There are 2 protein chains.
Amino acid sequence: MANGEAEVRNKKVLLKHFITGFPRESDMELVESDTVRLKVPEGSTAVLLKNLYLSCDPYMRFRMSKHVEPSFVPDFTPGEVISGSGVGKVVDSKHPDFKEGDYVWGMTGWEEYSLITSPEGLVKIKYIDVPLSYYTGLLGMPGFTAYIGFFEICKPKQGEFVFISAASGAVGQLVGQYAKLTGCYVVGSAGSDEKVSLLKHKFGFDDAFNYKKENDLDAALKRCFPEGIDIYFENVGGAMLDAVLLNMRLHGRISACGMISQYNLEEHEGVRNLLSILAKRIRMEGFVVFDHYHNYSEFVEYTVSRLKEGKITYLEDVAEGLEKASGALIGLFYGRNLGKQLVVVARQ
Amino acid sequence: MANGEAEVRNKKVLLKHFITGFPRESDMELVESDTVRLKVPEGSTAVLLKNLYLSCDPYMRFRMSKHVEPSFVPDFTPGEVISGSGVGKVVDSKHPDFKEGDYVWGMTGWEEYSLITSPEGLVKIKYIDVPLSYYTGLLGMPGFTAYIGFFEICKPKQGEFVFISAASGAVGQLVGQYAKLTGCYVVGSAGSDEKVSLLKHKFGFDDAFNYKKENDLDAALKRCFPEGIDIYFENVGGAMLDAVLLNMRLHGRISACGMISQYNLEEHEGVRNLLSILAKRIRMEGFVVFDHYHNYSEFVEYTVSRLKEGKITYLEDVAEGLEKASGALIGLFYGRNLGKQLVVVARQ
Ligand SMILES: NC(=O)c1ccc[n+]([C@@H]2O[C@H](COP(=O)([O-])OP(=O)(O)OC[C@H]3O[C@@H](n4cnc5c(N)ncnc54)[C@H](OP(=O)(O)O)[C@@H]3O)[C@@H](O)[C@H]2O)c1
Ligand SMILES: NC(=O)c1ccc[n+]([C@@H]2O[C@H](COP(=O)([O-])OP(=O)(O)OC[C@H]3O[C@@H](n4cnc5c(N)ncnc54)[C@H](OP(=O)(O)O)[C@@H]3O)[C@@H](O)[C@H]2O)c1
């Protein structure tokens, strides 16, 4: 398909300017005028990717703001193509680890073709007999996040009581299934009745509630966990964390994975119930999945085998075309996605 | 000295009523009318203690309020003698582990003599060639708290940057000295210039500041830790914790030992910078020293040997007589104590 010598069109999504508050579609721009030569330049060790699936991830919000002190991920550059995790096919390679036709996932651009100048960060896809889009979610960064955050950080034991916020999302839906496979009692919260129903009937959670319909989160948690919570997989922060702290059991663990309810606020909400950490001997631990890539293949083997046995299922929310990318990304902060949000650039 | 058959006067300090807000001397009452027989009743396995030194500890504030849901320590009973940690001499014993003349420390009453009906919780004092009052502080509950909270929870490494709040107190002064012995860079905060001077010149801290004179805690921490904090030994909570979170380094650890700034507030202050826990991969862990008593003798050996080598020093603030006990306890919440606050009931 890809003619090495051809110059082809290369649509891309740019960040127009740094932002504050909630992101809007108008903060990004689709540019159609660029072209790209489908050949890696001589003398480089780059890889040229045809992007197939792009991942919309909450952390990208941090990259859209200017930070005086460096954030844990580098800021985007206004006027340049947005970068993010994605799945691609190698069109040309001057790197010994990759060859034309390989499927890979890792950091790429929100565009049709990307020249990856540091391909060492790309992961060659081993199992291509599962949907390739899964490498944006189930078998990519969010799935791996669920694995590390649950097994490594929470150290779950059979029979423990597990609570997951943003439970129907890319990470949460998998955490819940891992917890069920571990023999835990699992409850999730999500922002719509449809999501709650998915949690209970598709992902096998023992219980779930729509946090937007509860006017007392503490009461909702007491209803779902009369004996308290051993493990909280934290995706949202703020008021939910505060209510959870009141309901933790002795020696509970909180995996601080994300706090999406705070990402667009200029001043973060205060959390008042931290004394519980002391009184209940709680361990709250933050992690960033990028630190753990040495465990990636262990995660893939564990998850693919359970996927093939039908013990794990995964829901994706698919936006068709780069035109839809900015809206799909923004939708995360309004809970519009039903499952893992991704963008199809091309199907192969 | 103690005549087994005698009935003697037994002055005691009672809690008059449950309280809210800051405790006041008038919430407690010294009662002189009681008497006690200096003999353990037949058929019991109790121990009768002559109380020598009583410990004033911040956690006692929790016991002075009524809790609907049980707190991590049981509520006091209004009208009854206050109980707390103390050092005593065995006057009579019907328990096989204790005999007349033994020195012990553990939970006792704020009174001259206490009948301890569950003496299993008492610790027989091994080293009596150090001041016995040290078993309310350096070699008692607060010292052991410093040991567990620093070594077990923080897992310090040589060269790390350590910050301690309420640093001149019973726990903090020892944490700082342990940290120096471990080869760390150590900074403490305290509430007066006199305390700051003690930290620097008596306890060997590398630096210290008076938090009451800083109008920007974040700036004070940045001044003391231009490269950030690896370990925060948390004694105060609230605004200090919020400022520390902005200054933690990657993979930092926070030992949640206490949050004294919150104990008297009806509604706790909100902490806003928790996203740092995630971005900086921080582990924040609460502990209660009572869970760790199996390690007590290890702690005593470590600490007594360094005390005898002159590598550890310890400052006490001594209130003379049960008359002074309620004022001494309350003083903790106004920072009146200079070092470990204790009350002398009798010197032997
Ligand atoms: N530590 C790491 O290395 C790492 C890696 C990946 C992801 N994460 C974090 O994990 C979390 C989940 O990520 P994901 O990819 O699985 O996203 P996701 O859950 O698929 O999508 C985000 C979801 O967050 C919920 N949400 C949005 N605003 C909210 C608010 N104000 N309050 C409560 N919920 C809100 C929405 O669901 P509802 O309809 O349920 O509100 C939305 O669908 C995020 O916090 C993310 O930053 C961390
Ligand atoms: N987890 C456990 O098992 C355990 C065991 C023992 C103690 N603790 C905790 O450890 C901490 C220290 O206890 P300690 O026995 O060593 O007490 P301490 O430090 O000897 O005495 C309390 C000190 O706290 C400071 N303080 C009082 N109110 C404050 C406020 N609003 N803001 C900031 N500082 C304030 C005062 O010092 P300044 O003049 O410096 O303000 C006061 O001298 C307490 O939080 C206590 O609850 C925990």
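Counting from 1, residues in each chain are numbered in the order their sequence is written. For this description, chains carry letters from A and ligands carry numbers from 1, given in the order in which they are written. Local features in this predicted model are restricted to residues of pLDDT 70 or higher, and side-chain atom pairs are both shown and tallied only at a pLDDT of 80 or more, whereas totals for entire chains, interfaces and linings draw on every residue. The basis for every side-chain value is the complete set of non-hydrogen atoms in the structure, without hydrogens or water.

Engineer: Explain the overall build of chain A here, please?
Structural biologist: Assigned secondary structure in chain A consists of nine helices and 17 strands. Along the first, second and third principal axes, the C-alpha set of chain A runs to 65 × 45 × 35 Å. Under this rule, positive means Lys or Arg and negative means Asp or Glu; His and the chain ends count for nothing. All charge positions are set by atom: Lys at NZ, Arg at CZ, Asp at CG, Glu at CD. Considering chain A, the positive charge centre built from 39 side chains and the negative charge centre built from 45 side chains are found 4 Å apart. Strands are runs of DSSP state E lasting at least two residues, helices are runs of H or I lasting at least four, and both sets are numbered from the N terminus onward.

Engineer: Sorry, what's going on with the pattern of salt bridges here?
Structural biologist: Residue and element names in this part refer to chain A. Any carboxyl oxygen of Asp or Glu within 4 Å of a side-chain nitrogen of Lys or Arg constitutes a salt bridge here. Counted according to the given criterion, the structure contains 48 salt bridges over all chains. Its salt-bridge partner being Lys 308, residue Asp 129 comes within 2.9 Å of it at the nearest N-O pair. One end of the pair, Asp 129, is in the loop between β9 (123–124) and α2 (141–154); the other, Lys 308, is in helix α8 (residues 296–308), with 179 residues separating them in the sequence. Only protein chains enter the accessibility calculation, which uses a 1.4 Å probe; a residue whose area is less than 20% of its type maximum is buried, one above 50% is exposed, and one in between is partly exposed. Its relative accessible area of 55% is what places Asp 129 among the exposed residues.

Engineer: Sorry if this is basic, but what is going on with the environment of Ala319(B) here?
Structural biologist: Residue and element names in this part refer to chain B. Tracing the chain through its elements places Ala 319 in strand β16 (residues 316–320). Residue class for Ala 319 comes out buried when judged on its relative accessible area of 11%. Here the alpha-carbon distance between Ala 319 and Leu 329, two residues 10 residues apart in the chain, equals 9.9 Å. It only takes one pair of heavy atoms within 4.5 Å for two residues to be counted as in contact. Every residue in contact with Ala 319, bar those within four places of it in the chain, is listed here: Lys 324, Ala 328, Gln 341, Leu 342, Val 343 and Val 344.

Engineer: Help me understand the side chain of Glu160(A) in this model?
Structural biologist: All names here are of chain A. With respect to the helices and strands, the residue Glu 160 is situated in the loop between α2 and β10 (161–164). Glu 160 sits in the buried class, given a relative accessible area of 7%. In this structure the side chain of Glu 160 is engaged in a polar contact, spanning 3.0 Å, whose partner is the backbone nitrogen of Lys 157. Engagement of the side chain of Glu 160 in a polar contact is seen with the side chain of Arg 253, the distance being 2.7 Å. Setting aside chain neighbours within four positions, we find Glu 160 in contact with Lys 155, Cys 184, Tyr 185, Asp 230, Ile 231 and Arg 253. Any N or O atom pair separated by 3.5 Å or less is treated as a polar contact, with the protein-specific requirement of one donor-capable and one acceptor-capable atom, and with residues adjacent in sequence counted only for side-chain atom pairs.

Engineer: I would appreciate a short explanation of the relation of the copies chain B and chain A in the present structure.
Structural biologist: The two chain copies are related to each other by a rotation about an axis together with a translation along it. If you rotate chain B by 180 degrees and push it 0.0 Å along the axis, it lands on chain A with an RMSD of 0.0 Å. With respect to symmetry, the two chain copies, as superposed, fit the operation of a two-fold axis. Of every C-alpha in chain B, the one belonging to Gly270(B) sits nearest the axis of rotation, 1.8 Å from it. For this overlay, a least-squares fit was computed on C-alpha atoms, restricted to residues scoring pLDDT of at least 70 in both copies.

Engineer: How should I be thinking about the interface of chain B and chain A in this particular structure?
Structural biologist: Size of an interface, as often reported, equals the accessible area lost when the parts are brought together. Opposite the 31 residues of chain B that make contact, chain A presents 31 residues. Buried surface area refers to the total accessible area, computed with a probe of radius 1.4 Å, that the two partners give up upon joining, counted for both partners together. If you sort the residues of chain B by the area they bury against chain A, Arg272(B), Leu275(B) and Leu278(B) come out on top, with a joint share of 24%. Joining chain B to chain A, the criterion identifies four salt bridges. Ionic pairing is found between Glu267(B) and Arg272(A), a salt bridge with its closest N-O pair at 3.4 Å. Secondary-structure elements contributing two or more residues to the side of chain B that touches chain A are β14 (248–256), α7 (275–279) and β15 (283–286) of chain B. A breakdown of the residues in the side of chain B that touches chain A according to their chemical character gives 17 nonpolar, five polar and nine charged. Strands are labelled as partners when DSSP assigns at least two bridges between them. Where strand β15 (residues 283–286) of chain A meets β15(B), three bridges bridge the pair, whose relative direction is antiparallel. Each bridged residue has a counterpart across the sheet, and for Met284(A) the counterpart in β15(B) is Met284(B). Side-chain classes follow a simple rule in which Ala, Val, Leu, Ile, Met, Phe, Trp, Tyr, Cys and Pro form the nonpolar group, Asp, Glu, Lys and Arg form the charged group, and the remainder, Gly included, forms the polar group.

Engineer: Explanation requested: the packing of aromatic side chains in the structure shown.
Structural biologist: Each aromatic ring pair is specified by the distance between its two centres and by the angle formed by the two planes. For Phe, Tyr and Trp, rings pair up if their centres lie within 6.5 Å, where Trp contributes its six-membered ring, and each pair is then called stacked (planes under 30 degrees apart), edge-to-face (over 60) or tilted (otherwise). Applying the stated criterion across every chain, the model contains 50 aromatic pairs over all chains. Arranged with centres 5.9 Å apart and planes meeting at 75 degrees, the rings of Tyr147(A) and Tyr178(A) form a pair that is edge-to-face. Within this pair, whereas Tyr147(A) is found in helix α2, its partner Tyr178(A) is found in helix α3 (residues 172–181), the two being separated by 31 residues in sequence. Across this residue pair, the class does not change: Tyr147(A) and Tyr178(A) are buried. Between the aromatic rings of Phe150(B) and Phe151(B), the centroid separation amounts to 5.2 Å while the plane-to-plane angle is 65 degrees, which identifies the pairing as edge-to-face. When its relative accessible area of 22% is taken as the criterion, Phe151(B) is described as partly exposed. Here a set of aromatic residues connected by ring pairs shows up, and it is made of Trp105(A), Phe144(A), Tyr147(A), Phe150(A), Phe151(A), Tyr178(A), Tyr293(A), Tyr296(A), Phe299(A) and Tyr302(A). Consider the ring centre and the ring normal. A charge sits over the ring if Lys NZ or Arg CZ is within 6 Å of that centre and within 35 degrees of that normal. Above the face of the Tyr302(A) ring, Arg306(A) is positioned so that its terminal group lies 3.7 Å from the ring centre.

Engineer: What's the story with the domain arrangement of chain A in this structure? I'm lost.
Structural biologist: Residue and element names in this part refer to chain A. Per the annotation, domain bounds derive from an automatic or database assignment of domains. The assigned domain composition of chain A is domain 1 (7–136 + 314–344) and domain 2 (141–290). Computed over C-alpha atoms, the centres of domain 1 and domain 2 are 29 Å apart. Contacts between domain 1 and domain 2 engage 23 residues on the former and 17 residues on the latter. With both sides pooled, the region where domain 1 packs onto domain 2 buries about 1700 Å², and carbon together with sulfur makes up 66% of that total. Among the residues domain 1 hides against domain 2, the three largest losses belong to Tyr 314, Leu 315 and Leu 338. Together they make up 31% of the total. The interface formed by domain 1 and domain 2 holds zero salt bridges in total.

Engineer: What am I meant to see in the site of ligand 1 here?
Structural biologist: Residue and element names in this part refer to chain A. Taken together, 26 residues lie around ligand 1, and Val 171, Lys 195, Tyr 211, Tyr 263 and Asn 337 are the ones closest in. Measuring from an oxygen atom of ligand 1, one finds a backbone N or O atom of Asn 235 at 2.8 Å. Between ligand 1 and Val 289 there is a distance of 2.8 Å, counted from an oxygen atom to a backbone nitrogen or oxygen. Protein coverage of the free-state accessible area of ligand 1, which is 910 Å², stands at 91%. Partitioning the shell around ligand 1 into residue classes produces 17 nonpolar, eight polar and one charged. Mapping the shell around ligand 1 onto the domain boundaries places at least three of its residues in each of domain 1 (7–136 + 314–344) and domain 2 (141–290). Residues are labelled near a given molecule or strand when at least one of their non-hydrogen atoms is within 4 Å of it. Per-residue and other accessible areas were derived by the Shrake-Rupley procedure at a 1.4 Å probe size, with only the shown protein chains allowed to occlude residues.

Engineer: Where do I start with the site of ligand 2 in this structure?
Structural biologist: Residues and elements named next belong to chain B. Surveying the vicinity of ligand 2 reveals 26 residues, the closest of which are Val 171, Lys 195, Tyr 211, Tyr 263 and Asn 337. Ala 170 is positioned with one of its backbone polar atoms (N or O) 2.8 Å from an oxygen atom of ligand 2. Here an oxygen atom of ligand 2 and a side-chain polar atom of Asn 337 are 2.5 Å apart. For ligand 2, whose unbound accessible area comes to 910 Å², protein coverage reaches 91%. Its residues assigned to classes, the shell around ligand 2 shows 17 nonpolar, eight polar and one charged. Here the shell around ligand 2 spans two domains, and each of domain 1 (7–136 + 314–344) and domain 2 (141–290) adds at least three residues to it.

Engineer: I'm lost on unusual backbone geometry in this one. Help?
Structural biologist: A negative phi angle is the norm for most residues apart from glycine, just as the trans form is the norm for most peptide bonds. All names here are of chain B. One non-glycine residue with positive phi stands out, namely Ala 166, at about 45 degrees. Among the secondary structure elements, Ala 166 is positioned in the loop between β10 (161–164) and α3 (172–181). By relative accessible area, which is 32% here, Ala 166 ends up partly exposed. Positioned with a positive phi, Arg 281 is a non-glycine residue whose angle comes to about 55 degrees. Counting through the fold element by element, Arg 281 comes out in the loop between α7 and β15.

Engineer: Which parts of the structure should I look at to understand the pairing of strand β13 (residues 229–234) of chain B?
Structural biologist: Residues in a regular strand point their side chains to alternate faces of the sheet. Residue and element names in this part refer to chain B. Where burial is concerned, most of β13 is hidden: six out of the six residues are buried. Pairing of β13 with β14 involves five bridges; the strand directions are parallel. Looking at β14, one finds that Ile 231 is bridged to Arg 253.

Engineer: Would you explain the confidence of the model for chain A in this entry?
Structural biologist: As a general rule, the predicted coordinates of low-pLDDT regions are not to be interpreted in detail. Residues of chain A with pLDDT of at least 70 account for 99%, and the chain-wide mean is 96. Here the predicted complex scores 0.96 on pTM and 0.96 on ipTM. pLDDT expresses, on a scale from 0 to 100, how confident the predictor is about each individual residue.

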